[in-house]
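# Geometric and topological summary
What follows is the residue order along each chain.
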Amino acid sequence: MGVVNVTPDSFFDGGRYFDHDAAIAHGRALVAAGADIVDVGGESTRPGAEPVEDLEEMRRVLPVIAALAPVCRVSVDTRKGSVAAEAVAAGATLLNDVSSSLAGLAAATGVGLVVMHMRGTPATMQVDPRYDDVVGEVKRYLVAAAADAHRRGVEEVYIDPGIGFGKTLEHNLALLCALAEFVATGEPVLVGVSRKQFLGRIAARDDEEPLGPEDRFEASLAAGVHAMVSGVAIVRAHDVEATLDAARLVEAALMPAGAPSPSHAEAR
Ligand code: HH2
């Protein structure tokens with residue numbers, strides 16, 4: 001899943017694709033690089049981001065979604081039912097819902113749904129987040145949200161632990177470490193690690209300041225590879241070409257040419 005943020009303030013690509021033509025061209029480039037899905041967003045969810053009015057968010061994303069939908073699968077990254085409904089009318093077939101509140105709309109419109117775990121809202125989520133058992137709590141929340149979506153009639157549901165959404169460095173690492181447990185729930189897993197802040201703290205040398213978004217490419221790729229090896233279904237990434245190069249290697253290493261697929265091996 002490649003990312004197109006039609007925003008002035010996203011933490012990595014804010015302002016680069018705020019112009020519709022630039023956003024559409026970038027979406028097309030992500031498809032040419034091999035993205036299966038392009039995720040179009042019009043409101044930053046970085047910690048402390050200002051909320052965006054419904055109409056303004058629609059103005060940002062709808063022309064981009066309408067232009068990209070004929071060439072690729074488009075998801076809409078929104079927390080708002082009004083924006084999501086218009087996005088589906090414009091051609092989006094997946095709701096990337098970081099607030100986990102759009103299951104009813106996904107069911108009514110017959111599109112897929114990502115349910116993501118977030119503590120609070122982007123404005124407050126990084127204010128002293130605490131968990132007794134972050135993996136257990138996030139997993140229970142997501143399994144319940146997915147079950148609710150299925151019960152309402154949504155056929156395609158992905159669960160996402162929400163890396164960086166109301167989590168400390170230690171919480172993020174615990175969740176990454178436990179990705180295989182999320183995969184074991186049987187729900188397909190989506191994960192977004194690309195360029196995120198915690199990577200800049202891990203990747204910095206002892207005497208360095210945390211790395212900024214521009215310098216988090218290698219760490220993003222490493223985290224994406226870890227996610228793939230853990231069995232996730234979708235990696236949400238800004239750097240699509242490199243992520244796909246890595247995916248090809250992971251696939252080749254996990255499934256050597258001519259070897260039976262893991263399911264066949266188990267069946268024997
Ligand atoms: N992360 C971001 C945005 N949307 N959606 C899902 N499902 N999972 C994620 O981890 C996720 C997401 C944050 O990244 P980005 O869109 O690049 O930044 P911003 O929110 O500042 O626009």
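What you see is a predicted model; the values in this text were computed from it and never measured.

## What about the packing of aromatic side chains?
Given two aromatic rings, one states the distance between the centres and the angle between the planes to describe the pair. Applying the stated rule across the entire model yields zero aromatic pairs. Above the plane of the ring of F12 lies R16, whose end atom (NZ or CZ) is 4.5 Å from the centre. Seen from the ring of Y131, R119 lies directly overhead, with NZ or CZ sitting 4.1 Å from the centre.

## Comments concerning helix α3 (residues 81-90)
Along α3, the positions that sit buried rather than exposed are V83, A84, A87 and V88. Seen from one end, α3 has its buried residues packed into an arc of 135 degrees, which puts them on one side. Looking at the buried side of α3, the elements it contacts are α2 (54-68), β3 (73-77), β4 (94-97) and α4 (103-109). Positive phi shows up at G91, right after α3, with a value of about 125 degrees.

## Structural notes on helix α10 (residues 240-254)
Quick reminder: α-helices carry 3.6 residues per turn. Residues three or four places apart thus point the same way. Taking 1.5 Å of rise per residue, the 15 residues of α10 would be expected to cover 21 Å, and the 21 Å separating its terminal C-alpha atoms lies within 8% of that figure. Within the span of α10, buried status applies to V240, T243, A246 and V250. One side of α10 carries all its buried residues, which in axial view fall inside an arc of 125 degrees. α10 presents E241 and L249 as exposed residues on the side facing more than 90 degrees away from its buried surface. The inward-facing, buried residues of α10 contact β1 (2-5), α1 (20-32), α9 (217-230) and β8 (234-236).

## What to know about the environment of G41
By secondary structure assignment, the location of G41 is in strand β2 (residues 37-41). When the C-alpha atoms of G41 and D77 are compared, they prove to be 4.6 Å apart, with 36 residues separating the residues in sequence. Non-local contacts of G41, meaning those with residues more than four positions away in its chain, are made with V4, N5, V6, T7, V61 and D77.

## Things to note about the site of the ligand
Near the ligand lie 18 residues; those nearest to it are S10, S44, N96, D160 and K196. Between D77 and the ligand, the recorded distance is 2.9 Å, taken from a side-chain N or O atom to a nitrogen atom. The side chain of K196 places a nitrogen or oxygen atom 2.6 Å from an oxygen atom of the ligand. Protein contacts shield 98% of the accessible area of the ligand, which totals 480 Å² for the unbound molecule. Elements that contribute at least two residues to the shell around the ligand include exactly β5 (112-116) and β7 (190-192).

## Focus on the confidence of the model for the protein chain
Close inspection of predicted coordinates is inappropriate in any region flagged by low pLDDT. Taken as a whole, the protein chain shows an average pLDDT of 93; of its residues, 96% reach a score of 70 or greater. Within the model, pLDDT remains below 50 along residues 263-268, and this stretch shows one contact once partners closer than five positions in the same chain are excluded.

## A word on the pattern of salt bridges
Enumeration over the complete set of coordinates arrives at 18 salt bridges. One salt bridge connects R236 with D77, and the closest N-O pair in it is separated by 3.1 Å. One end of the pair, R236, is in strand β8; the other, D77, is in strand β3, with 159 residues separating them in the sequence. When sorted by exposure, R236 lands in the same class as D77, which is buried. Note that R130 and D128 form a salt bridge whose closest N and O atoms lie 2.9 Å from each other. Among the residues examined, R130 registers a relative accessible area of 60% and is labelled exposed. Of the residues examined, D128 reaches a relative accessible area of 49% and is grouped as partly exposed. Where salt bridges share partners, they join E43, E57, R79 and K80 into one cluster.

## Details of the sheet that holds strand β6 (residues 157-160)
Spatial strand order, β1-β2-β3-β4-β5-β6: six strands in an open sheet with parallel pairing. Pairing within the sheet leaves two strands with one partner each, and these edge strands are β1 and β6. Neighbouring strand axes in the sheet, compared pairwise and without regard to direction, differ in orientation by 20 degrees on average. Here four bridges tie β4 to β5, and the two strands are oriented parallel to one another.

## Details of the pairing of β4
Residue alternation in β4 divides its side chains into two sets, L94 and N96 and L95 and D97, and both sets are buried. Pairing of β3 with β4 involves three bridges; the strand directions are parallel. Across the sheet, the residue bridging to S75 is L94, located in β4.

Procedures and definitions
Residues numbered from 1 in each chain as written. Predicted model: local features only at pLDDT ≥ 70, side-chain atom pairs only at ≥ 80, totals over all residues. Heavy atoms only, no water. Phe/Tyr/Trp six-rings, centres within 6.5 Å; stacked < 30°, edge-to-face > 60°. Lys NZ or Arg CZ within 6 Å of the ring centre and 35° of its normal. Buried < 20%, exposed > 50% of the residue type's maximum accessible area, 1.4 Å probe, protein only. Helix = DSSP H or I, 4+ residues; strand = E, 2+ residues; numbered from the N terminus. Arc of directions from axis to C-beta. Contact = heavy atoms within 4.5 Å. Expected span 1.5 Å × (residues − 1). Near = heavy atom within 4 Å. Polar contact = N/O pair within 3.5 Å; in protein donor to acceptor, adjacent residues only side chain to side chain. Areas by Shrake-Rupley, 256 points an atom, 1.4 Å probe, with all protein chains shown as cover. pLDDT = per-residue confidence, 0-100. Salt bridge = Lys/Arg side-chain N within 4 Å of Asp/Glu carboxyl O. Pairing = 2+ DSSP bridges. Axes fitted to C-alpha atoms, helices over the stretch in contact; angles between N-to-C directions.

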